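So you can see what is in the structure, the chains are spelled out below.
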Amino acid sequence: MAFTLSEIMAARRQQSQAQSHAQRGSRTTVEVDEYSTNPTQAFTFYNINQGRFQPPHVHMVDPMPHDTPKPPGYTRFVCISDTHSRTDTIQMPYGDVFIHAGDFTELGLPSEVKKFNDWLGTLPYDIKIVIAGNHELTFDQEFMADLIKQDFYYFPSASKLKPENYENVQSLLTNCIYLQDSEVTVRGFRIYGSPWQPWYYGWGFNLPRGQALLDKWNQVPDNTDILVTHCPPLGFLDWVPKKMQRVGCMELLNTVQRRVQPKLHVFGHIHEGYGMMTDGTTTFINASACTVNFLPMNPPIVFDLPNPRTT
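Residues numbered from 1 in each chain as written. Predicted model: local features only at pLDDT ≥ 70, side-chain atom pairs only at ≥ 80, totals over all residues. Heavy atoms only, no water.

Per an unreviewed UniProt entry, the chain goes by the name Metallophosphoesterase domain containing 1 and belongs to Seriola dumerili.

**Comments concerning the sheet that holds strand 3 (residues 97–100)**
Read across the sheet, 5 strands follow the order 5-4-3-2-16 without closing on themselves; strand pairing throughout is mixed. Looking along the sheet, the strands with just one partner apiece sit at the ends: strand 5 (177–178) and strand 16 (301–306). Note: strand 2 (residues 74–80) against strand 3, 4 bridges, orientation parallel. Across the sheet, Val 78 pairs through a bridge with Phe 98, a residue of strand 3. Running at roughly 155 degrees to strand 4 (residues 127–130), helix 3 (residues 110–122) makes contact with strand 3 and strand 4 of the sheet. (Pairing = 2+ DSSP bridges. Helix = DSSP H or I, 4+ residues; strand = E, 2+ residues; numbered from the N terminus. Contact = heavy atoms within 4.5 Å. Axes fitted to C-alpha atoms, helices over the stretch in contact; angles between N-to-C directions.)

**Quick notes on the pairing of strand 15 (residues 283–286)**
The side-chain alternation of strand 15 yields two buried faces, one formed by Thr 283 and Ile 285 and the other by Phe 284 and Asn 286. Pairing analysis gives 4 bridges linking strand 13 (residues 264–267) to strand 15, with the strands arranged parallel. Along strand 15, the bridge assignment pairs His 265 with Phe 284. The sheet contact formed by strand 14 (residues 275–278) and strand 15 spans 4 bridges and is antiparallel. Its bridge partner being in strand 15, Met 276 is matched across the sheet by Ile 285. (Buried < 20%, exposed > 50% of the residue type's maximum accessible area, 1.4 Å probe, protein only.)

**Thoughts on a nonpolar patch on the surface**
On the surface, a nonpolar cluster with roughly 480 Å² of combined accessible area is contributed by Tyr 154, Trp 199, Tyr 200 and Tyr 201. Structurally, Trp 199 is set in the loop between strand 8 (197–198) and strand 9 (206–207). Since its relative accessible area comes to 57%, Trp 199 is described here as exposed. (Patch = residues over 30% accessible without salt bridge, like charges linked within 9 Å, V, L, I, M, F, W, Y side chains within 5 Å. Areas by Shrake-Rupley, 256 points an atom, 1.4 Å probe, with all protein chains shown as cover. Salt bridge = Lys/Arg side-chain N within 4 Å of Asp/Glu carboxyl O.)

**Quick notes on the pairing of strand 16**
The buried count for strand 16 comes to 5 of 6 residues, which makes it a mostly enclosed element. In the sheet, strand 2 pairs with strand 16 via 6 bridges, with the strands oriented antiparallel. When the bridges of strand 16 are listed, Val 78 appears paired with Val 302.

**A closer look at the packing of aromatic side chains**
Going through the model one piece at a time under the given rule, you end up with 18 aromatic pairs. Relative to Tyr 178, the ring of Phe 139 lies with its centre 5.3 Å away and its plane at 55 degrees, an arrangement referred to as tilted. Of this pair, Phe 139 sits in the loop between strand 4 and helix 4 (141–147) while Tyr 178 is found in strand 5, placing the two residues 39 residues apart along the sequence. Looking at Phe 139, the relative accessible area reads 2%, which means it is buried. Put simply, the rings of Phe 98, Phe 104, Phe 116, Trp 119, Tyr 125, Phe 139 and Tyr 178 touch in pairs and so form one group of aromatic residues. It is Arg 52 that lies over the ring of Tyr 46; its NZ or CZ is 5.6 Å from the centre. A cation sits over an aromatic face here: Arg 246 above Phe 43, 4.1 Å from the ring centre. (Phe/Tyr/Trp six-rings, centres within 6.5 Å; stacked < 30°, edge-to-face > 60°. Lys NZ or Arg CZ within 6 Å of the ring centre and 35° of its normal.)

**So, the environment of Asp 82**
As for its placement among the helices and strands, Asp 82 is situated in the loop between strand 2 and strand 3. With 207 residues separating them in the primary sequence, Asp 82 and Ala 289 have C-alpha atoms 5.6 Å apart. With residues up to four places along the chain from it excluded, the contact list for Asp 82 reads His 100, Gly 102, Asp 103, His 230, Gly 268, His 269, His 271, Ser 288, Ala 289 and Cys 290. Looking at Asp 82, its side chain comes within polar contact range of the side chain of Ser 288, at 3.5 Å. (Polar contact = N/O pair within 3.5 Å; in protein donor to acceptor, adjacent residues only side chain to side chain.)

Structure, rendered in structure tokens:
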């Protein structure tokens, strides 16, 4: 894939401007990237011209064994995603704070949500945080309003629901803190959760790449410690081998690296991307429990963070 000299120089100027903003400590404004609509091209371009997705800038990280002792003065986060109503065989490790990054059901049916909530009630964690994913159709009210008006049933079980059956579906999650473009502070950590992702075969919480998604990411506070999204950022655990494509969000990547810089970014969505990476500032965790064949074979990922100092 060839790029013009002007494209290369523009990318280098953009990188230099971002570094300059960071050095001055001013708020960095993230704009829509020129390669936003083609994530695979964006990955190739920035990797060739900036080495942005290879050492020494990024590294793979081996997940921590579940029986690793937790250091004093730390909080252990137990991260999981994409369980798709298949939690019966999942062995949950010790930890303090549970984070689920979406797709806890197949279609977001109230019966599925209740089953998931019952499972949450059996878990011993002090705090449980959950966001929705594209499979939680009923949590996306605008999506459901359009779905039930259609003449054909793309999602038969969901499209036959009456509004009164799903309008308050979030209230069924009584055993966790549900975040949707919102935040909570627990144990001194500021945690923000958002369910949106680039358009994906007409499922829930889909938005076009570019400004529409950037508007969502612009809501993330600057001083967020832990970011929970359903979709991955570009270049981090977002590779789909079958299609030979990168599918992460460019605007999410730039928001994370250039503005928010959280300690931890937890997501899922791309089952093939399960694992951990770091760019030296943020640890990225794709916590998808299910494989590409929807088998819940990937164990939860645990991560320890030092407790914030209290003043």
